[in-house]
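Descriptive analysis of the structure
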Amino acid sequence: MKQSCMSDVVISGAGMVGTALACALAPSGVKIQLLEQRAGSLQQWLDEVDTVLTPNRHDARVSALNLASVQLLTSLSAWAGVQSRRAAAYTDMEVWDGEGSGRIHFSADALHENCLGYIVENSVILAALHEQLSRYDNVELISGVSLRQLSAPDADGHRELLLSDGRRIEAGLLVGADGAESLTRRLAGIGATEWDYGHHAIVTTVRTEQPHADTCWQRFTEDGPLALLPLAAEDDRTLSIVWSTSPEHAASLMALDGSDFCAALGRAFEYRLGRIEGCDRRRSIALRQRHAHRYVEAGLALIGDAAHTIHPLAGQGVNLGFMDAAALAEVLLAAMVRGENWTDEAVLRRFQRQRRSANLTMAATMEGFRRLFAPQPPVVRLLRSCGMNLTDRLEPVKQHLVLQAMGLSGERPALARRPTI
Ligand SMILES: Cc1cc2nc3c(=O)[nH]c(=O)nc-3n(C[C@H](O)[C@H](O)[C@H](O)COP(=O)(O)OP(=O)(O)OC[C@H]3O[C@@H](n4cnc5c(N)ncnc54)[C@H](O)[C@@H]3O)c2cc1C
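Every value quoted in this text rests on a predicted model; they were computed, and no experiment measured them.

1. What to know about the site of the ligand
Every one of the 32 residues lining the ligand counts as a neighbour, but Gly13, Gly15, Gly179, Gly304 and Gly317 are closest to it. Taken together, the elements giving at least two residues each to the shell around the ligand come down to α1 (16-25), β2 (32-36), β3 (62-65), β12 (192-208) and α9 (317-338). A per-element tally of the shell around the ligand places α9 first, with four residues. Of the residues in the shell around the ligand, the class split is 14 nonpolar, 14 polar and four charged.

2. Thoughts on unusual backbone geometry
Within the chain, His112 stands out as a residue other than glycine whose phi angle is a positive 55°. By the element assignment, His112 lies in the loop between β6 (103-107) and β7 (117-121). Residue classification places His112 among the exposed positions, given that 6 C-beta atoms sit within 10 Å. Phi is positive for Asp214, which is not a glycine, with a value near 50°. Its place among the elements puts Asp214 in the loop between β12 and β13 (215-221). Looking at Asp214, the number of C-beta atoms within 10 Å reads 16, which means it is partly exposed.

3. As for the nonpolar core
Judged by nonpolar contacts, the single largest core of 121 residues is most densely connected at Ala20, Leu21, Ala301 and Ile303. Once you skip the residues sitting within four places of it in the chain, Ala20 turns out to touch Leu72, Leu76, Leu129, Phe322 and Ala325.

4. A few points about the sheet that holds β3
The three strands lie next to each other as β3-β7-β4, forming an open sheet whose pairing is antiparallel. Each end of this open sheet is capped by a strand with a single partner; those strands are β3 and β4 (88-90). Between one strand axis and the next, the sheet turns by 25° as a mean value, whatever way the strands run. Of the pairings in the sheet, the one linking β4 to β7 comprises three bridges and is antiparallel in character. Looking across to β7, one finds that Tyr90 is bridged to Gly117. With respect to the sheet, helix α5 (residues 122-133) is in contact with β3 and β7, its orientation differing from that of β7 by roughly 90°.

What counts as what
Residues numbered from 1 in each chain as written. Predicted model: local features only at pLDDT ≥ 70, side-chain atom pairs only at ≥ 80, totals over all residues. Near = placed C-beta within 6 Å. Helix = DSSP H or I, 4+ residues; strand = E, 2+ residues; numbered from the N terminus. Nonpolar A, V, L, I, M, F, W, Y, C, P; charged D, E, K, R; others polar. Buried ≥ 20, exposed ≤ 12 C-beta atoms within 10 Å, placed from the backbone. Core = buried A, V, L, I, M, F, W, Y, C linked by C-beta atoms within 7 Å. Contact = placed C-beta atoms within 7 Å. Pairing = 2+ DSSP bridges. Axes fitted to C-alpha atoms, helices over the stretch in contact; angles between N-to-C directions.

See the structure below:
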């Protein structure tokens, strides 16, 4: 049997959210172990990203980062690593009802901001965070492993973890950041409310005939939303798509050859940017809504997709996950300064209180959108279009909506707040 070692914080999952938490806690000097099922070292992962991403080759998985997430990455000194690779600032958002005449346009100018947010490839965000993490000696990455067993907490909230390679670790705090299918959540016996959205999302990179105008485009149809998001590229006609539709429709779209798929996409997008001239390899992802019944218990916390997943229609999933990471770091660091036992459930509940209602509100909003745009009788479609057009003209309502999406309204952790001058 291998020897047991002690760690202050063990984070399971070196994805965007788990790594952001490690970067936020590392400057305090606590001993952190980051477990990741993917094999390799931080340097190997960085080399891989920097070789795979070429001017003409993009990651099919992208995130619309809001300004609160950008501020968090800036506070973690990781935003420079994103910008040195690539990120596309978008200044406008055009949303319309594909079954009616409703339309809403959001613009950064109206808010006196430079942009509404950034579209960044997930592998770029991850590379910037991994690069930052590699600067800390108190963080150890254990890759190519998974949790196997988790003991009940002892009197201090500490747990013994058994890893898939036979290693044993005693963890002051275990954080599950291991994504939607979180093994940490399941091993801890924490249930989740979940249901199928009845949508699969097709993602890929496309090239359009006309320039994207630094705009995120989204058409709502009764099958599901179709988004075209501008990418940082050598030209201004390269975009990432997220096409959410029924599983049957997604399967038929996946079966098309490249040129037939481009033709179908052009039609579905009403040729807003002319013809679709090319597309990369497609991926289809089943979409599920999940919400863990609780985020914390003694010596354990769940963050990011391990705690909640939502429909990507408003591009908020990782933004919520980043706010979880920032809020948990803030609660833990404040408790350490006060000399409290920071693995105590009462301390961890402060994090849950901050994040659960914000995450539930966003999940309910996404569900509301999905239902609003599901097949409806003509009179509801008419009201829907009128509502969108009315909202477009009501500047204060529009500003409230967009500030929320940008992460600039309501409470947010200090790491995600802009410094006041
Ligand atoms: C089509 C689509 C489009 C999206 N677009 C947006 C968007 O525009 N904006 C936005 O904010 N969000 C978006 N999202 C959501 C976003 O992608 C997720 O919220 C985000 O990836 C969650 O990050 P995470 O780090 O919590 O989990 P993950 O990215 O799933 O990372 C989990 C990590 O844990 C590792 N892991 C898993 N299991 C184990 C284990 N047992 N042991 C050890 N390691 C493990 C994995 O290998 C991975 O590295 C989108 C989602 C989809 C499906």
